[in-house]
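What follows is each chain in one-letter form.
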Amino acid sequence: MIWRFIKSIWVRLRGHISVNLIELGPRGLVLYPFSFSERRREIRIGKRQKVAAADLPFFASRIRQGNDRKFFIRLAADLALELHESFVYPLAPERALDAAEIDHLLSKTVLKFGDLGRAMAAERLGVPAVDIAFLNVSVWETLLDGRAVLNPDGCRGDKIEFRVSGVFTRRDALPAITALTVELGEITAADIPFARLFTDINRINRQTESELLVAVGEEVTSVIELAPGRILPRDFFAWGEKSLLKDLENKLSVNNEIASRIYEVYNQKQRMPPLTFRSIDGLVEAEYQILLHGIEAAARSFNPKAAHVYSPSGLPDIFSGSKVRNALGEEIFITPVPEHFLRDAFGYTVRAARPEELVHAPKIIAELVYRLKLPRNDHLNILAEKHRRWMAL
C-alpha cells in the first residue's frame, strides 16, 4: 500500500495521468493500467489483469474505492456494438435555423438512430431488439451544405447533416457495466476508436466510396465498413491471434509462451533452420486462410473499394498482394496496416512494465486519442443525450 502511494506521487511529479482501461466481455474483464504525459508524448503500460465474471462485484467495489485513476470502459465486440451514422435533412434556405428547429431535428435523429442501432445490434448479438440497451449518443460533426459548422443556430442552407455515434449493448450486461461506472456516456465498443482514427487519418470521411477494415483481436476479429459519415460494424467471428498460437501449441507440442516466441521470430523474419521455417510457414498459412475467408465473406456482403487488415502483432507475408472480390465481383487488394500505425501517427513513445504488454499499445492509444482529442459538439451532445433519455431508449 505504501509503495503504491509512493509510486502514484512519482507518476504525478513526472506529469503523468494514470488511467485504467477496462475491457468488459461476456466472460469477465481485462484491466490495462497505464499512464500518459502529453507534455512528454509518453505512455507507460503496466501489467494487465484478468477478472472472471464471478469476481466482478468484488472487483468493482474494490477498484472504485479510493482510486484516483481515470477510467476508460470499452465493451467487447461480442457484447456491444458502436455505430457511427449520418442523417441529412432538407432546409428552407430562405429561413435561418433557430434553436427550436435544431432541437426538433436532433430529436428525429436520435429516434432514427436508436431504431437503427437497436435493430443492427440485435442481429449482430443474436438477441431480440427489446433486449438491447441504448447506452449513449454523441454528435461528432454538424455539416451545413457539406461544410462543418460548430453551431448551426442562425445559419441558412439547403441541407443539414448530423454525424452521430452511440453504443448499444445487451440489456443483461447492464448490471456489470453500472457496477463499474455511472458515466455511460464515456463507454466505447471494441475496435471502433481505432476505426474512427484510421478513417480520419486516411480521410475516408472525405471520399465517396466505402472501404473495409478487418481488426484482428486476441479471440475475436471485427469486420467494419468505413464510409463518409459512417462506421458500421458489419460482423465479427471467433478467430484471433490466440487461435493461431493455440494451433502452434498443438502442432508443435509446446506451451503458449514458446509458441508466442516462435511466431514472433517467424513474423520478424529472424533466422531459423529452413526445415523449421517451412513447417511453421505451412501452419501459419493454413491458419490465416480462415481469416482470408472471413475477409472475402465480408467483402461480398457489400461493395468496398479497398480492404485493410490490422493485427497488433503484425501480419505474415501471406497478405502481401492478396485479393478478394466484393459483391460486384470486382477484385480488391488487401492492404496490411502497419502494427505501429497509431504510434507513428500521433508520435507517442511507449514503454511497458513487461515487453509482452507492448502489443496492447494500439488499443490504449486509440482509446486515449478517441476520448480526449477528437472534437465533439458539447452543446448538441447535451441536447441529443436529453432526447435519448426522454425517449426511454
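The model shown is predicted, which means the values in this text are computed figures rather than measured ones.

A. Structural detail: the confidence of the model for the protein. Of the residues in the protein, 91% reach a pLDDT of 70 or more, and the chain-wide mean stands at 86. Every residue in residues 1-7 is under pLDDT 50, and counting partners more than four places away or in other chains gives zero contacts.

B. Helix α7 (residues 256-267), seen in detail. For α7, built from 12 residues, the straight-helix expectation of 16 Å at 1.5 Å per residue is met to within 8% by its first-to-last C-alpha distance of 16 Å. Burial in α7 covers these residues: Ala259, Tyr263, Val265, Tyr266 and Asn267. Check the buried side of α7 and you find it contacts α6 (241-252) and α8 (274-299).

C. The pattern of salt bridges, seen in detail. This model, assessed by the stated rule, comprises 28 salt bridges. A salt bridge links arginine 354 to glutamate 356; the nearest nitrogen and oxygen atoms lie 3.4 Å apart. Ionic contacts of the salt-bridge type, sharing partners, join the residues Glu23, Arg74, Lys363, Glu367 and Arg371 into one network.

D. Structural view of the pairing of strand β16 (residues 331-337). Pairing of strand β14 (residues 307-310) with β16 involves four bridges; the strand directions are parallel. When the sheet's bridge partners are listed, valine 309 is paired in β16 with proline 336. Following strand β15 (residues 323-325), the chain reverses through five residues before pairing antiparallel with β16; glycine 329 in that reversal takes a positive phi of roughly 85°.

E. Fine view of the packing of aromatic side chains. A full pass over the atoms with the stated rule returns 13 aromatic pairs. With a centroid separation of 4.5 Å and an interplanar angle of 15°, the aromatic rings of phenylalanine 134 and phenylalanine 168 are classed as stacked. Of this pair, phenylalanine 134 sits in strand β7 (residues 132-144) while phenylalanine 168 sits in strand β9 (residues 159-170), and the two are 34 residues apart along the sequence. For phenylalanine 168, a relative accessible area of 0% gives the class buried. Taking 5.5 Å as the distance between ring centres and 55° as the angle between the ring planes, the aromatic pair formed by phenylalanine 198 and phenylalanine 341 counts as tilted. Here phenylalanine 341 lies in helix α9 (residues 341-346) and phenylalanine 198 lies in helix α5 (residues 192-201), a separation of 143 residues in the sequence. Like phenylalanine 198, the residue phenylalanine 341 is buried in the burial classification. Aromatic rings pair up to connect Phe87, Phe113, Phe134 and Phe168 into one cluster.

F. Region of the structure containing α8. Here α8 contains 26 residues, and its C-alpha end-to-end distance of 35 Å stays within 8% of the 38 Å for a straight helix at 1.5 Å per residue. Looking only at α8, the buried set comprises Ile280, Leu283, Val284, Glu287, Tyr288, Leu291, Leu292, Gly294, Ile295, Ala298 and Ala299.

G. Local environment of the nonpolar core. Grouped together as the largest cluster of nonpolar side chains are 34 residues, with contacts concentrated most on Phe34, Ile43, Phe194, Leu342, Tyr348 and Ile365. Counting residues per element, the ones that place at least two in this core are β1 (17-25), β2 (28-37), β3 (42-45), α5, β12 (221-227), α9 and α10 (361-372). The leading source of residues in this core is α10, at seven residues. Excluding anything up to four places from it in sequence, phenylalanine 194 contacts Leu213, Tyr310, Val337, Phe341, Leu342 and Ala366. Of all hydrophobic cores here, the second largest spans 29 residues; its members include Trp239, Ile295, Leu315 and Phe319.

Calculation rules
Residues numbered from 1 in each chain as written. Predicted model: local features only at pLDDT ≥ 70, side-chain atom pairs only at ≥ 80, totals over all residues. Heavy atoms only, no water. pLDDT = per-residue confidence, 0-100. Contact = heavy atoms within 4.5 Å. Helix = DSSP H or I, 4+ residues; strand = E, 2+ residues; numbered from the N terminus. Expected span 1.5 Å × (residues − 1). Buried < 20%, exposed > 50% of the residue type's maximum accessible area, 1.4 Å probe, protein only. Salt bridge = Lys/Arg side-chain N within 4 Å of Asp/Glu carboxyl O. Pairing = 2+ DSSP bridges. Phe/Tyr/Trp six-rings, centres within 6.5 Å; stacked < 30°, edge-to-face > 60°. Core = buried A, V, L, I, M, F, W, Y, C linked by side-chain atoms within 4.5 Å.

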